[in-house]
Amino acid sequence: MKPIIIVRNLSHFYGKRLLRKQVLFDINLTIKQTEIVILTGPSGSGKTTLLSLVGGLLSVQEGSLITLGKEMNGASEQQRVRVRRQMGYIFQGHNLLPFMTARQNVQMSLELHENISDYQAKIKSEAILKVVGLGDRVNYYPQNLSGGQKQRVAIARALVSCPALILADEPTAALDSKTGREVIEIMRRLAKEEAATILMVTHDNRILDVADRIFRMEDGRLLKEDVKITHI
Ligand code: ADP
Ligand code: MG
């Protein structure tokens, strides 16, 4: 399988001059197509920063980062946007738009793809909501959905365009364990069906077993790969 993410000697800093602080140190990592890779580690260790760099949401300062075949170091905003369109994001806080229904929230992410009609987009959005178990909630507004249901809408929104790469930052943090497990199973199933790759940050020990590989971050460093399921 071809590599989807290649990280070489990646470092990252926040702040300027005296306030400049290094938060990522010399990260090296290669992730291949269809792999599910989990990042764990304490709060503040740099997980979200690494995910944001991979996702083209932050610009690369030092080192090389090739996401979906594109070198992100030195990439223009326009080039980063092009790479971003091939990704699905499930970031902390589901950020659904409150004035749009579940279906409209999902459909919005398809509207970035010009080659799809409104009608097709509507059909696809309803279909994916059905897959995540919300077939009877497509016309509900977020305020009338539970936390777990909102998170499923966010997952449907990330997956509806069949992205090659899915980035998820603590997608189960706000869910009870049963719902968290269900949501992860949905992600895994859809990813395997579409040959997508998943890079996911989680503290949730109960879902580590879905990973092909698990890495731990500490103080901005990526530690050696964990032997799978050692500390559950
Ligand atoms: P994690 O996701 O593992 O909790 P983060 O990547 O969010 O870690 O943060 C890594 C470090 O960078 C932390 O020390 C955090 O305080 C700092 N940090 C994160 N975002 C910013 C920012 N926008 N400006 C300055 N420092 C930041
Ligand atoms: Mg974080």
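Not measured: the values here are computed from a predicted model. (Residues numbered from 1 in each chain as written. Chains lettered and ligands numbered in written order. Predicted model: local features only at pLDDT ≥ 70, side-chain atom pairs only at ≥ 80, totals over all residues. Heavy atoms only, no water.)

### Considering the packing of aromatic side chains
- A full pass over the atoms with the stated rule returns 1 aromatic pair.
- Sitting over the ring of Tyr140, Arg137 keeps its end group 4.8 Å from the ring centre.
- The cationic tip of Arg221 hangs over the ring face of Phe25; the distance from NZ or CZ to the ring centre is 4.2 Å. (Phe/Tyr/Trp six-rings, centres within 6.5 Å; stacked < 30°, edge-to-face > 60°. Lys NZ or Arg CZ within 6 Å of the ring centre and 35° of its normal.)

### Overview of unusual backbone geometry
- Although it is not a glycine, Arg17 sits at a positive phi angle of roughly 45°.
- Despite not being glycine, Cys162 shows a phi value in the positive range, around 50°.
- Relative to the assigned elements, Cys162 resides in the loop between helix 5 (147-159) and strand 7 (165-169). (Helix = DSSP H or I, 4+ residues; strand = E, 2+ residues; numbered from the N terminus.)

### A few points about the pairing of strand 9 (residues 213-218)
- Where strand 3 (residues 36-40) and strand 9 come together, 4 bridges link them in parallel fashion. From the neighbouring strand, Thr40 faces strand 9, where its bridge partner is Arg216.
- Sheet topology places strand 9 next to strand 10 (residues 221-222); 2 bridges connect them, and they run antiparallel. In the sheet register, Met217 faces strand 10, and the bridge partner there is Leu222. (Pairing = 2+ DSSP bridges.)

### What to know about the domain arrangement of the protein
- Splitting the protein by domain gives domain 1 (1-86 + 163-232) and domain 2 (95-161).
- The gap between the C-alpha centroids of domain 1 and domain 2 is 24 Å.
- Counting every contact that joins domain 1 to domain 2 gives 1 salt bridge.
- Among the salt bridges present, the one from Arg152 reaches Glu182, with a minimum N-O distance of 2.5 Å.
- Taken together, the connections running from domain 1 to domain 2 amount to 2 residue pairs in polar contact (both at pLDDT 80 or more).
- At 7 residues, helix 6 (residues 177-194) tops the list of elements feeding residues into the side of domain 1 that touches domain 2.
- Taken together, the residues of the side of domain 1 that touches domain 2 sort by class into 8 nonpolar, 2 polar and 3 charged. (Domains from an automatic or database assignment. Salt bridge = Lys/Arg side-chain N within 4 Å of Asp/Glu carboxyl O. Polar contact = N/O pair within 3.5 Å; in protein donor to acceptor, adjacent residues only side chain to side chain. Nonpolar A, V, L, I, M, F, W, Y, C, P; charged D, E, K, R; others polar.)

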